[in-house]
Amino acid sequence: MRAFVLDFSHCQKMSAAKVKMRGKKMRNQPANVQYPSSASSTQNGGDTSVTGGGGSDGPSDVHPNTSRSKKPYQRGGWVRGHQKDGGGYIKEMPKYITAGAYARARAAEVNAMVKAITEKTGSCHVFGALPKHMRRRAMSHNSKRLPRRLRDVANRMREKSLQAGSKKKKEQAKSKSRKARRRHGNLLLEFNRRQRKNVWLETHIWHAKRFHMVKKWGYCLGDRPTYKCYRACYRAMSSHCLLQDLSYYCCIELQGEEDKLLASLSQLTSKEAGPTFAAALCLSGQRQGSVVVYRAGQYPLQPLGPVTFLWRPRAQGSTHRQLWIWAHPTIKQDLLPELQTVCQCCEAVVPPAAPVVTPAEVLPTLEPEPEKTTEAKQVTGTKRKRASKDASGLPAKKILGDGTRSPTTPVTWKSSSNGIVINDLTMEIVRYRLIGPHSHSVLAETLEAATDCDEMDKSQPSPLWWPEHCKDESKMNLHQKQADVFHNLKGIYSTAELPSGTVLGLTVDDPRLTLPTKKVKALPCVQQAQEVDKEKRRELMLRGVPEPCCQSFLWEQSVRDNVTDNKISEQELNRRRSEVLVPGSQLSPTPLQGRVPILLVHQPGKQVGHEMSNWGAGWDLLLPKGWGMAFWIPLVYRGVRIGGLNMSLKHSQNKGAPHFPHDFPDCPGGVRFQEEQEAELLDKFKRRPPAKRTNYIKHGCLAPFCCPWQQLAEEWKLILREGEEERKGDSRTQSTTEADTVMEEEMTSHGDITVTKPPSRITVLRNRKSLRLLSGWCRPTTSKGQRPCRVGEGPPLDRSAMTSFLMAHGMSLVWVRLSVLSKGKPELHAMVCVPTAEDLKLLNKKPVSSGPQEPPHRNQFKSRIRHRKRDPKKAATPSLNTDNKTESQKVDPPSVSEPNPTTPEEPKSSPQTSLQLVFGLWPDPLPCVTAHCSRVTLGWVTQGDFSLSAGCGEALGFVSVSGLINTLINQPMEHRGMLLLRNPKSLQYRFAKINIEV
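Computed from a predicted structure; not experimentally measured.

Thresholds, definitions, all that
- Residues numbered from 1 in each chain as written.
- Predicted model: local features only at pLDDT ≥ 70, side-chain atom pairs only at ≥ 80, totals over all residues.
- Heavy atoms only, no water.
- Helix = DSSP H or I, 4+ residues; strand = E, 2+ residues; numbered from the N terminus.
- Buried < 20%, exposed > 50% of the residue type's maximum accessible area, 1.4 Å probe, protein only.
- Contact = heavy atoms within 4.5 Å.
- Areas by Shrake-Rupley, 256 points an atom, 1.4 Å probe, with all protein chains shown as cover.
- Patch = residues over 30% accessible without salt bridge, like charges linked within 9 Å, V, L, I, M, F, W, Y side chains within 5 Å.
- Salt bridge = Lys/Arg side-chain N within 4 Å of Asp/Glu carboxyl O.
- Lys, Arg positive; Asp, Glu negative; His and termini not counted.
- Charge placed at Lys NZ, Arg CZ, Asp CG, Glu CD.
- Pairing = 2+ DSSP bridges.
- Axes fitted to C-alpha atoms, helices over the stretch in contact; angles between N-to-C directions.
- Expected span 1.5 Å × (residues − 1).
- Bend = angle between axes of the 7 residues up to and from the residue.
- Core = buried A, V, L, I, M, F, W, Y, C linked by side-chain atoms within 4.5 Å.
- pLDDT = per-residue confidence, 0-100.

Caption draft 1: Representation of the overall build of the chain in the model. Each helix and strand in the chain was counted, giving 32 helices and 23 strands. Of all 998 residues assigned to the chain, the portion counted as buried reaches 47%. For the chain, the share of sequence-separated contacts (at least 6 apart) that also reach a separation of at least 24 residues comes to 76%. Taken as a whole, the chain presents about 53,500 Å² of accessible surface, with 53% of it coming from carbon and sulfur.

Caption draft 2: View of unusual backbone geometry. With an omega of 5 degrees, the peptide bond between Tyr-299 and Pro-300 qualifies as cis. Along the chain, Pro-300 turns up in the loop between β6 (289-294) and β7 (303-311). Between Phe-660 and Pro-661 the backbone carries a cis peptide bond, its omega angle lying at 0 degrees. Its place among the elements puts Pro-661 in the loop between α21 (645-655) and α22 (668-687).

Caption draft 3: A look at a negative patch on the surface. Taken together, the side chains of Glu-675, Glu-676, Glu-678, Glu-680 and Asp-924 make up a negatively charged region of the molecular surface. One can find Glu-678 in helix α22. According to the relative accessible area criterion, Glu-678 is partly exposed, its value standing at 32%.

Caption draft 4: Main features of the sheet that holds strand β2 (residues 211-216). Reading across the sheet, the 3 strands line up as β1-β3-β2 and stay open at both edges, with mixed pairing between neighbours. The sheet is open, and its two edges are formed by β1 (199-200) and β2, each paired on a single side. Sheet topology note: the β2/strand β3 (residues 219-225) ladder contains 6 bridges and is antiparallel. Opposite Lys-216, over in β3, you have Tyr-219 as the bridge partner.

Caption draft 5: Just a nonpolar patch on the surface, in detail. A cluster of nonpolar residues, Val-110, Met-113, Val-114 and Ile-117, forms a patch on the protein surface that exposes about 390 Å² of accessible area. Among the structural elements, Val-114 can be located in helix α2 (residues 99-118). The partly exposed category is assigned to Val-114, whose relative accessible area is 42%.

Caption draft 6: Here's a closer look at a positive patch on the surface. The grouping of Arg-231, Arg-235, Lys-519, Lys-521 and Arg-641 at the surface amounts to a positive patch. Locating Lys-521 in the fold gives a position in the loop between β13 (503-509) and α16 (526-531). Residue Lys-521 is classed as exposed on the basis of its relative accessible area of 52%.

Caption draft 7: Quick look at the sheet that holds strand β11 (residues 421-424). Spatially, 7 strands are ordered β6-β7-β8-β5-β11-β10-β9 in an open sheet, and the strand pairing comes out antiparallel. The open sheet has two edge strands with one neighbour each: β6 and β9 (347-349). Each strand axis lies, on average, 30 degrees off the axis of its neighbour in the sheet, ignoring direction. Of the pairings in the sheet, the one linking β6 to β7 comprises 6 bridges and is antiparallel in character. Each bridged residue has a counterpart across the sheet, and for Val-291 the counterpart in β7 is Val-307.

Caption draft 8: Molecular detail of helix α10 (residues 329-342). The terminal C-alpha atoms of α10 lie 20 Å apart, and with 14 residues this matches the ideal 20 Å at 1.5 Å per residue to within 8%. The largest bend in α10 is about 30 degrees, located at Leu-335, with the proline Pro-337 one to four residues further on. Counting buried positions along α10 gives 11 out of 14 residues, so the element sits mostly inside the fold. Those residues of α10 not exposed but buried are Pro-329, Thr-330, Ile-331, Lys-332, Asp-334, Leu-335, Leu-336, Glu-338, Leu-339, Gln-340 and Val-342. Two residues or fewer past α10, Gln-344 is found with a positive phi of approximately 55 degrees.

Caption draft 9: Focus on the nonpolar core. Formed by 65 residues in total, the largest nonpolar core has its most connected members in Leu-774, Val-814, Leu-818, Leu-964 and Ile-965. The contact partners of Ile-965, leaving out residues within four places of it in the chain, are Leu-774, Trp-777, Leu-797, Met-802, Phe-805 and Leu-806. Ranked by size, the runner-up nonpolar core spans 58 residues in total, among them Val-503, Cys-549, Phe-553 and Trp-555.

Caption draft 10: Seen up close, the confidence of the model for the chain. Mean pLDDT over the chain stands at 78; residues scoring 70 or higher make up 76%. Counted against residues more than four places away or in other chains, residues 733-759, with its pLDDT under 50, gives 50 contacts.

Caption draft 11: Local environment of the pattern of salt bridges. What the rule picks out here adds up to 27 salt bridges. Across the pair Asp-424 and Lys-332 runs a salt bridge, and its minimum N-O distance is 2.8 Å. One end of the pair, Asp-424, is in strand β11; the other, Lys-332, is in helix α10, and 92 residues separate them in sequence. The class of Asp-424 is buried, set by a relative accessible area of 7%. Looking at Lys-332, the relative accessible area reads 17%, which means it is buried.

This is how it looks when you write it as structure tokens:
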């Protein structure tokens, strides 16, 4: 029986295939020529199909009253071959034929036949004359594979197809060979084309061969090396030198009167958060400053992000000042309009018309490249030939600076009222960062102070800037002082010994002239250190660089352009090297084009906390554009390690400093980064099969891919308000367990906080005085809580101090560092929770305890997802909403570990929401985030890993100020500042000590 069913189904498939093939062959036939597919009579007259005197040979006209022979079974559709019973066709002859209809039917058949003969349908090649077992793929391009009787026909058909193809469409040019693509001119054109969308740094090609590249913030940047070097990079930062390219940071220049500049910039900062643009040492030009800028007059709300700034030293008898502000690319789009507003610079200066250049020089071009046009004209089968050298087009130029910006885009804005001018110097200055204690040794071996010009060069006029500079005696005296200060750097053992933010201006020779033959690790030289005067070295370590020596010609636009335009090419440099008598010796004399003005800016290391002071200090090297690779290769040859974006994050993590934009949730750039990170992590989570995903609902993790900071701050504010009301009503203090009970009752009765939109934005606490006070209340200790650290005297933590502090900073978050006491490595978005009294007793009994565990949660959305999989059409109907509502009414009241996903004021779940359910994730809106687990949540981790410097797991993140103070005041003094950490993929809590480092 089973075999019969299979044979019957096979016959049905074959029949369907035959019908399909018949329909394909007859698809070009007119409608009145189609054979009838069922036993139905045809009408006579008009344009309808008729059955004429051919019997089964073809259609003909039939009278409407003519009926078919009565048969018990009629075969449907067209059937190939002779059928015993006639195949269901009409056997009787028609009684009469209408001439007009008959002629039209025959004419349609003739037209269809002529069309089928003239037009090619399907495969009508000569290969069709061969049986299938003799056909070969090679016959299509080699006619000798065919039998001799068919070769002539195949050759004629090939020639006809080539002629027909050339008339219909242009013959496409051959792709260039690899040798042609690797020519310098073709490579340059290709690189210029690829820089139209994302900006390339000058070291892009070097990084692309060794790093995993990512496209971020409009740039193409190196994220991490392709080889394993995490520990090697940490050793370089701790004991030698790590090199990074930070040229993607944006520089905004402000020029104007000093008092007007300070008055405008004062609207963006506040003295409560630290030194501002008007700090004395920074204003003199001797130090680089850093500050968090806000929207005008909005402190402490609406921050934009951290920036660093550098003032040009004052000129004698002039009040005109120049300021550089360095900002992250995501801050620039918010900072530049704010600067234009406070400085009243609304008049855009139209850039001068650029000279007529080739399309390769101007990026946005749509004209075809000369070489492509030449190759497009080549005949098929001919060899590729290199274009003639005397072509009319000028050679392409390498793109320097921002290649995505249009030449007509304004980069300068001025004010007619106060005379302030704003210049956008993005990608006009190259910036390298050297991190490590021996960064100054690397610079001392790589750079050499510029040598003086000959008398002959001074006497003759020169288009270069250095010969004209050498004619001024005062400028040369200043250059000599700067060279002496740079020589004194060789006597310093570690970069951290210098004052933070020290600035040194200098003019150096081209470092390519002193490039070593092989890589050598630069280390401090004892002999050179002994040659340095001890008094000068002590003066440099205590007071830094004198103010006149902070001057540099890098500040002048004309000098930067002159140095960029007159740089010696690699070809010319190699030609001069080949003419040296002793291979590898230094070129002498130094070419006049080989003098470059630079700026050396000291970068401070770890400035907070009581451990590893000044770790990660180094130098920033500022250069004019076009000289990036000329300094990069000599630095690499001094044995430095190269780091990318990932190592910048680890550098900030080891310093305990927030990294932008990861750790700025109250800034526009930080909000955008969190949204992008959430989408990226969610997409990665969805790519895994459901059986291999982490079920975050069972782990009690509401937001594994983001941190709902606003909801956290609002819930804690509501908790403390209700707790204060109950405390006043009962006239007694509450213990930790009673506070947890109040939280549970409050979250049960006030379910609307899960869906209420935030009336105000959260802020991060940056007030220095408040941070010192809060740090003292946390009883700061060293890593792993080994010993307490001394802090300044302050008022004790009591109810009155708590109330006054929360009145000012109730909706704020605070940046904290958490050190795990035992094993465990914190991860991204790990939860920071409050330990109960039983947890602290467990810690007393066993100081190295692993910590408590979270009980598994119940997945309340599993039935909905299962129902949607079984019947997706029914799941999309609104009837599911009624079922969900009925189910939610039957669910028990919410508890701490199992909250109700549907709140009284929650909008009814729409079909779209039910279809967006993802297995293992809580859908929006989220329930109460503080009391969702058995331990109350205080905040989340934004950076977490095993710290090689501390030797334990360390986490950096934010906690609610209200929740932290409430926790500290309810904890005993010996355990004050003790919290719990739990990773999103784990149920295990770990004890950790909190530190607020100021």
